[in-house]
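Results of the structural survey
Here's the letter readout for the chains.
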Amino acid sequence: MLTQPRVFVMGSRPVALLMLLLLLLVALVSFATANPDLHAGSGDGSREPRWATASPSRPSGEELPGQQFSLVTSSVSAAAAAAAATDDDNGEDVDVIATASATAKNNSVTNITAQLGASVFLPCKTHHSMERQVSWVRRRDWHILTSGTLTYTKEERFSVHHPEGSTEWTLAIKYVELADAGTYECQISTGGGIVSHLVSLNVVVPRAVIPGNGEYHVESGSTISLVCFIEQSPVAPQYIFWYHNSRMINYDRERGGVHVHIDTGPRVRSQLSVSNARPSDSGNYTCAAANTESASITVYITEAANKIAAIQPRAVDAASSVGASVVLTGCLLLLAQLVTRQ
């Protein structure tokens, strides 16, 4: 008996499912081609996040008072470097160096002048008391000096002052040196980047100046009066001493007659008075102040007898000249009379 072959006919439902899968595949390929940036993050990680230059976060329409800061991109922030130093397990001192950002923009710069050997305070004030991290960086070598309330330098002259709950982060430098001059950066770490404030520190060396050409002449028995000015001094020095041949004479009771008056007006000056000058008072006088370049002058005491002796020869010479003129005139008159008689 012959059997008829079976013919399998696919129903309409499997065909519909196959068509739906093909449509989904085509849509996926089209979407991936139109948005290639979606796979950029899965590469080697060489792309760095970009921060938009803007002011710190604030409600819409509200303006920050005073100076405006700019957010910057930094490859290594001071806060991150300080945290890395804190995690050091060996307990050794770690020198932390911050990396400079070439795209840094700073809208606030403060100029401060300090005197050599004095203390100086560099201000940095935030607009929010709950900032994540505030660090001070020395721009000369990009060395992190402080991060938060911690200090990351072996020099004990540096410290940060931050009252609890305040917005002030002040960098204090004691016994200022010439090498401390330069730019210091206050970095404020926010959710959107690093806010930067710069302080330019200028260190000056005060110097003493005694008017004159380096010499002072006075007669014996008169009063020696010398004046010393202190130049380039932001504040009055703690002391101003006068020395006579390397001996301090401000409080000289043995000699007596020595008075020193100091005026701390707009221009600091010290006046030395030595009454009844005598030959032993001659010599070198030096004006020296704290952290100041000194100045010196030489005093000469002239005796009255020497002055009279110097005047007498001039009087004798003048009298001799007058006598010679009279004799010469008489001779000429006599000669004229003799010629007339002949």
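A brief look at the structure comes next.

What counts and how
Residues numbered from 1 in each chain as written. Predicted model: local features only at pLDDT ≥ 70, side-chain atom pairs only at ≥ 80, totals over all residues. Heavy atoms only, no water. Core = buried A, V, L, I, M, F, W, Y, C linked by side-chain atoms within 4.5 Å. Buried < 20%, exposed > 50% of the residue type's maximum accessible area, 1.4 Å probe, protein only. Helix = DSSP H or I, 4+ residues; strand = E, 2+ residues; numbered from the N terminus. Pairing = 2+ DSSP bridges. Contact = heavy atoms within 4.5 Å. Disulfide = S-S within 2.5 Å. Phe/Tyr/Trp six-rings, centres within 6.5 Å; stacked < 30°, edge-to-face > 60°. Axes fitted to C-alpha atoms, helices over the stretch in contact; angles between N-to-C directions. Polar contact = N/O pair within 3.5 Å; in protein donor to acceptor, adjacent residues only side chain to side chain.

Side note on the nonpolar core
Generally speaking, nonpolar side chains in soluble globular proteins are found buried as a group. Ranked by internal contacts, the top residues of the largest apolar core, which has 22 residues, are Ile 224, Leu 226, Trp 242, Leu 272 and Tyr 285. Of all elements in the fold, only strand 13 (224–231), strand 14 (240–244), strand 17 (269–274), strand 18 (283–289) and strand 19 (295–302) reach the threshold of two or more residues within this core. In this structure, Val 134, Phe 158, Val 199 and Val 203 belong to the second largest nonpolar core, which totals 21 residues.

A word on the pairing of strand 5 (residues 143–147)
When you tally the buried positions in strand 5, you get 5 out of 5 residues, the bulk of the element. Where strand 4 (residues 133–138) and strand 5 come together, 4 bridges link them in antiparallel fashion. Following the sheet pairing, Trp 136 is matched in strand 5 by Thr 146. In textbook terms, the turn of a hairpin is the stretch between consecutive antiparallel strands, and for strand 4 and strand 5 this stretch comprises 4 residues, one of which, Trp 142, has a positive phi near 55 degrees. Here strand 5 runs beside strand 6 (residues 150–151); their pairing, made up of 2 bridges, is antiparallel. Paired with Thr 146 across the bridge in strand 6 is Thr 151.

Let's talk about the sheet that holds strand 14
On the basis of which strands lie adjacent, the open sheet formed by 5 strands has the order 12-19-18-14-15 and mixed pairing. The sheet is open, and its two edges are formed by strand 12 (215–219) and strand 15 (247–248), each paired on a single side. The sheet contact formed by strand 14 and strand 18 spans 5 bridges and is antiparallel. What sits directly across from His 244, in strand 18, is Tyr 285.

Quick look at the side chain of Thr 146
Structurally, Thr 146 can be placed in strand 5. The class of Thr 146 is buried, set by a relative accessible area of 0%. In this view, Thr 146 contacts Ser 135, Trp 136, Thr 151, Tyr 152, Ser 159, Val 160 and Leu 171; residues no more than four positions away in its chain are not counted.

Brief notes about the state of the cysteines
Evaluation of the coordinates by the stated rule reveals 2 disulfides. Each sulfur of the disulfide joining Cys 228 and Cys 287 lies 2.1 Å from the other. Across the S-S bond linking Cys 228 and Cys 287, the dihedral sits near -80 degrees, which makes this disulfide left-handed. Taken together, the residues span a long stretch of sequence, with Cys 228 in strand 13 and Cys 287 in strand 18 at a distance of 59 residues. Exposure class is identical for Cys 228 and Cys 287. Each is buried. With cysteine numbering restricted to those in disulfides and following the sequence, the chain has the pairing 1-2, 3-4.

Observations concerning the packing of aromatic side chains
Under the counting rule described, the total for this entry stands at 1 aromatic pair. Measuring from ring centre to ring centre gives 4.7 Å for Tyr 239 and Phe 241, while their planes differ by 25 degrees; the resulting arrangement is stacked. The exposure class assigned to Tyr 239 is partly exposed, which follows from its relative accessible area of 37%. Using a relative accessible area of 21% as the deciding quantity, one classes Phe 241 as partly exposed.

Re the sheet that holds strand 13
Ordered by their spatial adjacency, 4 strands build an open sheet running 11-13-17-16, and the pairing between neighbours is antiparallel. In this open sheet, the two strands that pair with only one neighbour each are strand 11 (207–209) and strand 16 (258–263). This sheet shows a mean twist of 20 degrees between the axes of neighbouring strands, independent of strand direction. As defined by bridge partners, strand 11 adjoins strand 13 across 3 bridges and the pair is classed as antiparallel. Its bridge partner being in strand 13, Arg 207 is matched across the sheet by Glu 231.

Observations concerning the environment of Trp 136
Following the sequence through the fold, Trp 136 ends up in strand 4. For the pair Trp 136 and Trp 169, spaced 33 residues apart in the sequence, the C-alpha separation amounts to 8.9 Å. At a separation of 3.2 Å, a polar atom in the side chain of Trp 136 contacts the main-chain carbonyl oxygen of Trp 169.

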